[in-house]
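# Commentary on secondary and tertiary structure
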Amino acid sequence: MAPSSVVVTIDKPSNISLVEVDDNDSETSVFLEKQKTASTKQFSWLLLLKAQRIISFFPWLAMGFSRTFTSVKKRIALSDSSKDEVKYKEKIMYKFIRAFLAISIVALVVEIIAYYQNWDLKLIPLEAMGLVHLSYMGWISFRAEYLAPSITMLSQFCVLLFMIQSLDRFILGIGCFWIKFKKIKPMIDDQSYDIEDPSSFPMVLVQIPMCNEREVYQQSIASACELDWPKDRILIQVLDDSSDEVLQILIRNEVNLWKEKGVNIIYRHRFVRTGYKAGNLHSAMSCDYVKNYEFVAILDADFQPNPDFLIQTVPHFKGKSDLALVQARWSFVNKDENLLTRLQNINLCFHFEVEQQVNGHFLNFFGFNGTAGVWRIKALEESGGWLERTTVEDMDIAVRAHLNGWKFIYLNDVKVLCELPESYEAYKKQQHRWHSGPMQLFRLCLPAILSSKISKWKKANLIFLFFLLRKLILPFYSFTLFCVILPLTMFIPEAELPIWVICYVPVTMSILNILPSPKSFPFLMPYLLFENTMSVTKFNAMVSGLFQLGSAYEWVVTKKTGRSSESDLLAFVERESKIQRRLSDSGLDMLGKLKEQEKETPIVVEKKKNRIYRKELALAFLLLTAATRSLLSAHGIHFYFLLFQGLSFLSVGLDLIGEQVN
């Protein structure tokens, strides 16, 4: 028998025994030694590989920091500082932040000296103290006796507002959960209109307001022309406020192309462009033929509704004579483009999924989003039509319609494609308009709300929830608590904020806000920090709107990139070739004349570039200074919050968060 063999004997199928015989101990021990040696070598190589990967990470990290530093250095060198200085010197907030920063730096130097000299610990007679030491001890006594109580009172007031707003968000979340749990949604009758009888469909007017929308005008017109509705029961108005004459011709020719295909579409251009979007819509509604239409659908230039958009929205009006508005949800084609668009998507998903849906179901009222909605024309006319008095004409008409007793419906399942601002500059201007306009409107509408015939509950909801809590209190406490009081308490530790205010509650509320977009959970902390960073812009806009400052009436069209047209690129190329083939001789002559004018008078094109935002940079250095001070007191959570919040302000101030221009 061979060495190290095994004999197997089977007595019964259920009884198996193994007997090892002639075992060679020496050969087995040699084999085990070889195995052990090989395992040791493999483990050593594994450790070396891990070490090599760790070591290679540092050059990659250093290279990343180097590239970022180089980019920031170039950005600072190329920034138009003189232009920014004039702009920011006129703003009181920037001066306040800069003064606060200077004082905090001086206070930090004094605190560092006091820390290493142990001035606050040594029991030294007054006669033996130096002038600086004596001044510091007087400062400690003064801040504890006079400053700390006032700051504590202000912080408690802001914390109270913070908790009220958090409670409002929590209640909205419960309402959304109830709607989802009960599967509640507005329903329509399947037999609303007879498909075989086009005359049973109501007359619908579709309006596309636009202003210098070169990147998206084709896709918006094409989407509107492809809506599934009887051709003789729909009219599309392209309301062009463009100042570019070449673009006017292109849009007019696009309209003519669809008109040749049998689409009922017209082109309108105002020579006197007053009132921005509200003025454009008001002018279009004054046409004589509008009286023949019952409903009007409004679609901004970057919105692409599905062909069944009208089929899913207009039937909700049937049998509901008190229904004024049917609002659809926005869906974003570029939500994953960069960090800025991802963070915007979190905010807007909560707005539509929770705020609009809950208010629409329980109150039959919400703020009109300005687009992707269908209005009953009678409701618009009875509510006073489009007014030019604020920069939020959509919210204005919604509030006035609500005061007149009209009801709204929100459709969370009907989504309309659009795009988000990809640059921080565009997003900041948009947010300024969205937060200054409501305060203008609140001042103007407050007397009408108080004297209206709606119930006291609806009046209270409009004043305290819709305007004050969600439009005024939110930016106020967010900026005051986290950008002013928190860094201030680092230098006045007697008024220190509790950990649950700066950590537990904000994180919980951020988790609640991010629930409607669960794929965004990895961006929870960036979202929390970015919301606090944007509070300075929202607070500034809120104050300018409330007190009628000059910037409250600024209207800047949000820049579009046309990303929502990329999927239809081939179709647009084909359509463009058709336009060129079908251009009339007069159109070609006009284009030739415009090109000659361009040669004679060259157009100065402003180069696109990233900017430097001084207000955000000043706040970044203020928070980082406060973080350094918190190290001396070993605050822990306070230090990390101030550190990362300061870095967040720094990245926004250097315009590193959105679109990066080479």
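Given the structure is predicted, the values throughout are model-derived calculations rather than measurements. (Residues numbered from 1 in each chain as written. Predicted model: local features only at pLDDT ≥ 70, side-chain atom pairs only at ≥ 80, totals over all residues. Heavy atoms only, no water.)

### Things to note about the overall build of the protein
Assigned secondary structure in the protein consists of 19 helices and nine strands. Looking at the protein as a whole, 49% of its 662 residues are labelled buried. Pairs at least 24 apart in sequence give 80% of the contacts found in the protein among residues at least 6 apart. Working note: accessible area of the protein is about 34600 Å², and carbon and sulfur atoms make up 61% of it. (Helix = DSSP H or I, 4+ residues; strand = E, 2+ residues; numbered from the N terminus. Buried < 20%, exposed > 50% of the residue type's maximum accessible area, 1.4 Å probe, protein only. Contact = heavy atoms within 4.5 Å. Areas by Shrake-Rupley, 256 points an atom, 1.4 Å probe, with all protein chains shown as cover.)

### Things to note about the sheet that holds strand 4 (residues 234-240)
Adjacent strands of a sheet pair through backbone hydrogen bonds, lying either parallel or antiparallel. Taking strand neighbours across the sheet as the criterion, the seven strands line up as 5-4-3-6-8-7-9 in an open arrangement whose pairing is mixed. Each having just a single partner strand, strand 5 (265-269) and strand 9 (407-418) make up the two edges of the open sheet. With direction set aside, neighbouring strand axes in the sheet form an average angle of 20°. Relative to strand 6 (residues 295-298), strand 3 (residues 204-210) runs parallel, the two sharing four bridges. (Pairing = 2+ DSSP bridges. Axes fitted to C-alpha atoms, helices over the stretch in contact; angles between N-to-C directions.)

### What about helix 11 (residues 393-403)?
With 11 of 11 residues buried, helix 11 is to be regarded as a mostly interior element. Looking only at helix 11, the buried set comprises Glu 393, Asp 394, Met 395, Asp 396, Ile 397, Ala 398, Val 399, Arg 400, Ala 401, His 402 and Leu 403. Against helix 7 (276-285), strand 8 (373-376), helix 10 (377-382), strand 9, helix 12 (424-451) and helix 13 (456-491) lie the buried residues of helix 11. Within two residues after helix 11, Gly 405 carries a phi angle of roughly 90°, on the positive side.

### Comments concerning the side chain of Ser 104
Within the secondary structure, Ser 104 sits in helix 3 (residues 92-117). Setting aside residues no more than four positions away along its own chain, Ser 104 makes contact with Phe 491, Leu 622 and Thr 625.

### Side note on the side chain of Asp 168
With respect to the secondary-structure elements, Asp 168 resides in helix 4 (residues 131-182). You can call Asp 168 buried: its relative accessible area is 9%. Contacts of Asp 168, omitting those with residues within four sequence positions, involve Leu 465, Leu 469 and Arg 470.

### Focus on the environment of Leu 239
Locating Leu 239 in the fold gives a position in strand 4. Sequence-wise, Leu 239 and His 269 are 30 residues apart; in three dimensions their C-alpha atoms are separated by 6.2 Å. The contacts of Leu 239, once residues within four sequence positions are left out, are Gln 207, Ile 208, Pro 209, Met 210, Arg 268, Asn 280, Leu 281 and Ala 284.

### Brief notes about the packing of helix 9 (residues 339-362) against helix 15 (residues 524-546)
Axis separation between helix 9 and helix 15 bottoms out at 11 Å; the angle between their running directions is 85°. One finds that helix 9 runs roughly perpendicular with respect to helix 15. Every residue of helix 15 that contacts helix 9 at Leu 340, Leu 343, Ile 346 and Asn 347 is listed here: Pro 526, Tyr 527, Phe 530, Glu 531 and Lys 538. Residue classes in the contact of helix 9 with helix 15 are distributed as six nonpolar, one polar and two charged. (Parallel < 35°, antiparallel > 145°, perpendicular 65-115°, else oblique. Nonpolar A, V, L, I, M, F, W, Y, C, P; charged D, E, K, R; others polar.)

### Let's talk about unusual backbone geometry
For Lys 183, which is not glycine, the phi torsion reads 55° and is therefore positive. According to the relative accessible area criterion, Lys 183 is exposed, its value standing at 74%. Here the phi dihedral of Tyr 276 falls at roughly 55°; this positive angle occurs in a residue that is not glycine. The residue Tyr 276 is located in helix 7 in this model. Among the residues examined, Tyr 276 registers a relative accessible area of 43% and is labelled partly exposed.

### Things to note about the nonpolar core
The biggest cluster of nonpolar side chains holds 91 residues, and the ones touching the most others in it are Ile 221, Phe 309 and Trp 375. For Phe 309, the contacting residues outside a window of four places in its chain are Leu 227, Ala 297, Leu 299, Ala 328, Ala 372, Gly 373, Val 374, Val 414 and Val 416. By size, the runner-up hydrophobic cluster in this structure holds 49 residues, among which are Leu 161, Met 439, Ala 620 and Phe 639. (Core = buried A, V, L, I, M, F, W, Y, C linked by side-chain atoms within 4.5 Å.)

### Examining the pairing of strand 8
A regular strand places its side chains so that they alternate between the two faces of the sheet. Of the two faces of strand 8, the one carrying Gly 373 and Trp 375 and the one carrying Val 374 and Arg 376 are both buried. Direction of pairing for strand 7 (residues 323-332) relative to strand 8: antiparallel, over a ladder of three bridges. Bridging from a neighbouring strand, Val 326 pairs with Val 374 of strand 8.

### Quick notes on the pattern of salt bridges
Applying the stated criterion to the full structure yields 19 salt bridges. Between Glu 531 and Lys 538 there is a salt bridge, with its nearest N and O atoms 3.5 Å apart. You can call Glu 531 buried: its relative accessible area is 18%. In this structure Lys 538 comes out as buried when scored by relative accessible area, which is 11%. Among the charged side chains, a network of salt bridges with common partners joins Glu 111, Arg 143, Glu 494 and Arg 629. (Salt bridge = Lys/Arg side-chain N within 4 Å of Asp/Glu carboxyl O.)

### Let's talk about the confidence of the model for the protein
Should the pLDDT be low somewhere, the predicted coordinates at that spot are not to be read in detail. When pLDDT is averaged across the protein, the result is 83; 78% of the residues are at 70 or more. Segment residues 16-21 is flagged for pLDDT under 50; beyond a separation of four residues in sequence, or across chains, it makes 12 contacts in the model. In this model, residues 578-587 is a region of pLDDT below 50 whose contacts with residues beyond four sequence positions or in other chains number 10 contacts. (pLDDT = per-residue confidence, 0-100.)

### Remarks on the packing of aromatic side chains
Taken as a whole and judged by the stated rule, the model has 27 aromatic pairs. Look at Phe 303 and Trp 330: their rings are 5.2 Å apart centre to centre, the planes differ by 75°, and that puts the pair in the edge-to-face class. Within this pair, whereas Phe 303 is found in the loop between strand 6 and helix 8 (309-313), its partner Trp 330 is found in strand 7, the two being separated by 27 residues in sequence. For the pair Phe 303 and Trp 330, one class covers both residues: buried. Ring geometry for Trp 330 and Phe 352: centres 5.3 Å apart, planes at 45°, overall tilted. Here Trp 330, found in strand 7, pairs with Phe 352, found in helix 9; they are 22 residues apart in sequence, far enough to count as distant. (Phe/Tyr/Trp six-rings, centres within 6.5 Å; stacked < 30°, edge-to-face > 60°.)

### Quick look at the packing of helix 3 against helix 4
In contact at an axis separation of 11 Å, helix 3 and helix 4 are set at 110° when each is read in the N-to-C sense. Classed by the angle they form, the pair helix 3 and helix 4 counts as roughly perpendicular. Seen from above, helix 3 lies across helix 4 with left-handed handedness. For the pair helix 3 and helix 4, the contacting residues are Val 110, Glu 111 and Ala 114 in the first and Tyr 136, Trp 139 and Arg 143 in the second. Taken together, the residues of the contact of helix 3 with helix 4 sort by class into four nonpolar, no polar and two charged. (Left-handed = near helix turned anticlockwise from the far one by under 90°.)

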